[in-house]
Every structure is written in C-alpha cells, then in structure tokens.
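# Notes for the structure review
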Amino acid sequence: MKSRNLVSFLIMGLLTLTVSCTKKVDLSEKVLHLAVTSEVKGMDPIYSNDKYSSNEVGRVYEGLLEYHYLKRPYTLVPNLAESLPEVSEDGLTYTFKIKQGVLFHDDAAFKDGKGRELVAEDFVYSIKRLADPKLQGLGWWLLQDKVVGLDEWREKNSKKDTVDYTEVIEGLKTLDKYTLQFKLKKQFPQFLYSLAMPFTFVVAKEVVDHYGKEFLNHPVGTGPFMLKEFRQSAKKFTYERNPNFRKKLFPTEASDEFKHMLKYAGKPVPFVNKIEVNIIKEDQPRWLNFLKGRVDYIGIPKDNFESAVTPGKGLGDEFAKKGIELSVSPSLDVTYTAFNHDLKLFHNVDLRRALALAYNVKEFNKLFYNDTALPAQSVVPPGIAGNKPDYVNPYRNRDLEKAKALLAKAGYPEGKGLPEITYDCPSSSTSRQIGELFKKQMAEIGVNIKVVQNSWPELQKKITARQVMLYGIAWGADYPDAENFLQLLYGPNRSPGANGSGYDNPKFNELFAKASIMQDSPERTAIYEQLNKLAAEEVPWLYGVHRQSYLIKHSWLKNYITTDFEAGQAQYLDIDLEAKKNMQSKL
C-alpha cells in the first residue's frame, strides 16, 4: 500500500489527554513539540506505507535523494548521494557516488557501540530487504519489474527456506566502496523519485541481524535524530539530536516565496536538540495544547475553524495578537471510499455508480473540511499533469433519482436483496462522524451501511488482508507525478501493493503500462488524462475531495513551510527560545 501516503481522512491529529493541560512549557532547550493523529505501526522503512510511519522513519533514516526544502516546483537534490547520478544514454543505467564519512548512529549492534561508516553495499542490502519475499515489504510495488535481476532474485528466494543476500544482482550492485549502480529493465521516469521515498532509505545489516524481529522497534539510521526506544503502544516518543550527524547545511537557494528563510543559509542542521511526538486522536485536547504553547504547529480542527479563520480566509485577530501565523496551501492528495473489488458484489458497475450518485460530497466538504476542499472528479489532483480542470465526472454530483434507477438496474430495487455493507474507517470521533453521514446518505436509496472503526494499523492490516467491503481513506503524493495516483488502480499493484481496492481493469492496465515507461511529454499527459477519465466513469472508488491545508503555527517556530513530502522536514526547523519565553504570558 502506500508509502508515505496512506492517511486517514483526518489531516490533523488531536491531542490525547495524556498531554496534560497542566504540564509546564519547557523553555530550557530547543525542543520541537509535535502531535500526530494516529498510532505509528513501526520504524522499519520497508513497511512505511503511511504518512504517520514514514514521517517518523524520516527523522532517523535517510535516502540517496531528497526534495530541496526551499524550492517549488519540487526538485530532487542529493542527500546521502554525493551528487545526482550519472545516467547512461539509453536511460537505463544510474550510477551514484555516495558521500564518504557518513556514520550510522551509535548503537549496541555495532562493534564497541560505535556507528560505522555508511558504504554503497548498505544500499544494496536495503533494496534487497525491500524485495525480500519473506519480509513482504509494503513498498515492493515501487521497484517491482523495474531493476534487472531483482524480480528473479525475489522469485528464486521465495522457494527457499532462507533468503540469500550474498548473490550479486546484475541491476543492483556496487562498483567500489562508495559507488552504487542500478540497471533498469525499461524506462522508469519516476525512478529517482523512488530514491527519495522512505521505502528505499538505508539500514545497516548488523542492526537488522542484532535485533531480529525487534528491528521494527529499534531504528538506527544515519539521520539527524536518534530514537532510543520505540513501542507501538506508546503515546509519546522522544528523539534526540544525533551527535555524530555529518555536516549538512541549510539551503543557500530558494524559490521567491521562501527567500526570507535564507538568513539560515549555510548554517548546519539540525537546529533543535529534541523532538517530542505525541499521538493524539481527538481534536480538542490537541487544540487546547496548541493554544497553551505545548504543540508548535497543527492543522486547524474542523470544529475550531470558524473561530480561527475569518470569512476572508485570514487569521482572526485573537490569534494574530498571540503571534500565531496561518499557512494555507493545496495538498496533492485525494480522499476516497474504496470498494473491495475481490468481492463479486462490487463487480457490478451499476451498483458502484448508484452509490456514487447517492454520495453528497458537498455535505462532506461543508461538515468536515469547512468548505475549503475541492470535490474530486477522479483520482489525479489539480496541479499536476493528468488533471483536466474542466472535466466533470458524470457520477459526481448527487442525483438520488438516477441513483435509485441505477440501483434497480444493478438488480437491487430500493436496496432489496442487497446485503449489509460494512464501511471500515479509523477510530477517531471525526472518522466515526464521517462514517455515520455516509451511512445516512446511502440509506436514502435503500443501501444499508454498517460503520466499523479500527485503529490505524488494524485498518491497514484489514485492507491488505482483503477483510473489508468498503473503507474510507486518503492518499497523499509520494512524488509529484500523476503516475503515483493512477498506480493505485493498476491491477498488478494489488495488495500488498498500493492498489488496496484490488481494482483490475485490462483497458486501464494497458494504458497505464504504456504511460509508465514514457518520459514527461504531451503524449504521456494525454494518456494520463484518458486514465483519469476512465477511473472517473468506472467508479472503482467513491471520490471525496482534494484538501487544502489550513495550518497554524506559533511565532517561535522558524523555517516551517507546508510540504507534501514531510519526511526529514524536522531537521530544518528551529525554535526561537527567546520569542517563546516572551510569548508565554500572552497564551
């Protein structure tokens, strides 16, 4: 399933009562205080297929590439790579030099507890782990059928008791201690994007061997922060600054809108000593803790939107007087309710279209997104090639009469004969409210829905195991390319790949396969648009909205910008302790 980007319908997390309202604000050192909305299922990069896990993985682990922090459009730059790769004339061979002198975190897994130097072979090992058939990494879809010899290695080892990591793979090998080479089977225009995703972040074999099954709970990377202990049941975890982090500098270039941040240019990152992350599932405790200065930034909860944001979409005076700042930006995402296409019931396109026409997205937008989101016509969000702004999905706008007619055509007049349909969603109050509204809307055409709530990890497990009928979820971009959204409906990507619904349409598959090996061009965009239209009219999902991020932050938080790719962002953030002290009396 997704990489970073399966997310619950809720863009904000909510503070739990475990973040006590009586706790004093720590002003003794630079600590970044964050709140997230969901449990984190683990800290192993190969399983980081949701926003919550991949953001935590990104504090500890790193990859060859990353997105330039201060440039838009999004631009890839070297991270653990010394530079961008040399690419062969046929576009199939990528050769990377990796940075020398980079150290893994100090850990008991290493000799004398001292982290050793990163070498190119660590990337070979890490990519093999992603492909390991015994581990069933959730990001395998990313490189499946892409790298010469890797699929064959996976297939061969799936039949063995023990996976052989010593075998040299033609398309994934080192040329020397610091040189890594990939050979692709075919053109893969999104290949470099994949090397900026947490799935491909580097791990050390000694650490994996030392902790065995507990590696999931013992992250040891090369990144700017270290996590001493991780427990999936914990509601709070703390990262400490990595004392051995290499010399990495704040960017010296920026797009116009971010040039005011260049006063940090050339300064070594990270800037904070600690990060405290609280898992918070309900809105109001989180909101209250933000107002008291115990959380540095949050998305605005729906029930607090009107009190914080003016009709003109500015920030209310009460907040502005406290130095609080508002950031508004469109998100590269889509919310949706997916059918489980393994079930014969949902092979009936008239049934799917009937539910789509009974679905009132405007009501959802008003109640849960404060009318700030854009109703989705299909899967590809605005702002990237493949989305046609003037396209209108014929099954988008609510029409109960047409919905009832289609339901009858599907063989279920007034819902008669249709079994109860379960709708699985996350466990928060807002997710339940979303589920209840969906149930109410479907009841108006005679469709009986049962809402089932799950913890976030449980929901993901049920989707992967195909133990759902309908489920509510969202997808945020892994990279700025329509391929990343369209591949959610590509048949061969079914679970445990990114296609959680299991939709499998031969015509869609053929077009997607054709586009997936094309470089950016008008011809590829035309196919993307065709796929997006097909996905709209076949209704493999009930499309929700493309959200806008309304985020507020305290004045003492420096260098924060809204990004669709948050993994690693914390290293660029700073806390102005003097400003924080001065502002406490106003909160």
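What you see is a predicted model; the values in this text were computed from it and never measured. (Residues numbered from 1 in each chain as written. Predicted model: local features only at pLDDT ≥ 70, side-chain atom pairs only at ≥ 80, totals over all residues. Heavy atoms only, no water.)

Here the focus is the pattern of salt bridges. Considering all chains together, one arrives at 38 salt bridges under this definition. A salt bridge links lysine 302 to aspartate 303, with the nearest nitrogen and oxygen atoms 3.0 Å apart. Note on lysine 302: relative accessible area 14%, which makes it buried. Given the relative accessible area of 56%, aspartate 303 is considered exposed. If you follow the salt bridges from partner to partner, you end up with Asp145, Asp151, Glu152, Lys185 and Lys186 in one network. (Salt bridge = Lys/Arg side-chain N within 4 Å of Asp/Glu carboxyl O. Buried < 20%, exposed > 50% of the residue type's maximum accessible area, 1.4 Å probe, protein only.)

On to the nonpolar core. Grouped together as the largest cluster of nonpolar side chains are 133 residues, with contacts concentrated most on Leu64, Leu150 and Phe182. The dominant element in this core, judged by the number of residues it contributes, is helix α2 (residues 120–131), at seven residues. Those residues in contact with leucine 64 that lie beyond four places of it in its chain are Pro78, Asn79, Leu80, Ala81, Phe96, Ile98, Phe123, Leu180, Phe182 and Leu195. Within the second largest apolar cluster, 38 residues are counted, among which are Ala354, Leu357, Tyr412 and Cys425. (Core = buried A, V, L, I, M, F, W, Y, C linked by side-chain atoms within 4.5 Å. Helix = DSSP H or I, 4+ residues; strand = E, 2+ residues; numbered from the N terminus. Contact = heavy atoms within 4.5 Å.)

This part takes up the side chain of lysine 553. As for its position among the elements, lysine 553 is in strand β23 (residues 548–553). Here the side chain of lysine 553 touches glutamate 325 through a polar contact of 2.9 Å, side chain to side chain. There is a polar contact of 2.9 Å between the side chain of lysine 553 and the backbone oxygen of leucine 557. Not counting chain neighbours up to four residues away, the residues in contact with lysine 553 comprise Phe290, Asp296, Tyr297, Gly323, Ile324, Glu325 and Tyr560. (Polar contact = N/O pair within 3.5 Å; in protein donor to acceptor, adjacent residues only side chain to side chain.)

When you line up the elements, asparagine 484 lands in helix α14 (residues 483–486). Judged by relative accessible area, which is 0%, asparagine 484 ranks as buried. Separated by 2.7 Å, the side chain of asparagine 484 and the backbone nitrogen of aspartate 478 make a polar contact. Setting aside its immediate chain neighbours within four residues, asparagine 484 contacts Trp141, Trp475, Gly476, Ala477, Asp478 and Tyr479.

The next subject is the sheet that holds strand β6 (residues 93–97). Across the sheet, which stays open at both edges, the four strands sit in the order β5-β6-β8-β7 with antiparallel pairing between neighbours. In this open sheet, the two strands that pair with only one neighbour each are β5 (86–87) and β7 (172–176). Judged from the four bridges that link them, β7 and strand β8 (residues 179–183) form a sheet pairing that is antiparallel. What sits directly across from aspartate 176, in β8, is threonine 179. (Pairing = 2+ DSSP bridges.)

Following the sequence through the fold, leucine 531 ends up in helix α16 (residues 522–538). A C-alpha to C-alpha distance of 10.0 Å links leucine 531 and glutamate 483, two positions 48 residues apart in sequence. Ignoring anything within four residues of it in the chain, the contact list for leucine 531 reads Leu486, Phe508, Leu511 and Phe512.

We now examine the environment of proline 330. Mapping proline 330 onto the fold places it in strand β15 (residues 325–330). For the pair formed by proline 330 and proline 381, sequence separation is 51 residues and the distance between their alpha carbons is 9.6 Å. With near-sequence residues (within four places) excluded, proline 330 lies in contact with Arg547, Gln548 and Asp564.

Moving on to the confidence of the model for the protein chain. Mean pLDDT for the protein chain: 93, with 95% of residues reaching 70 or above. Scored below 50 in pLDDT, residues 10–22 shows 49 contacts in the model against residues more than four places distant or in partner chains. (pLDDT = per-residue confidence, 0-100.)

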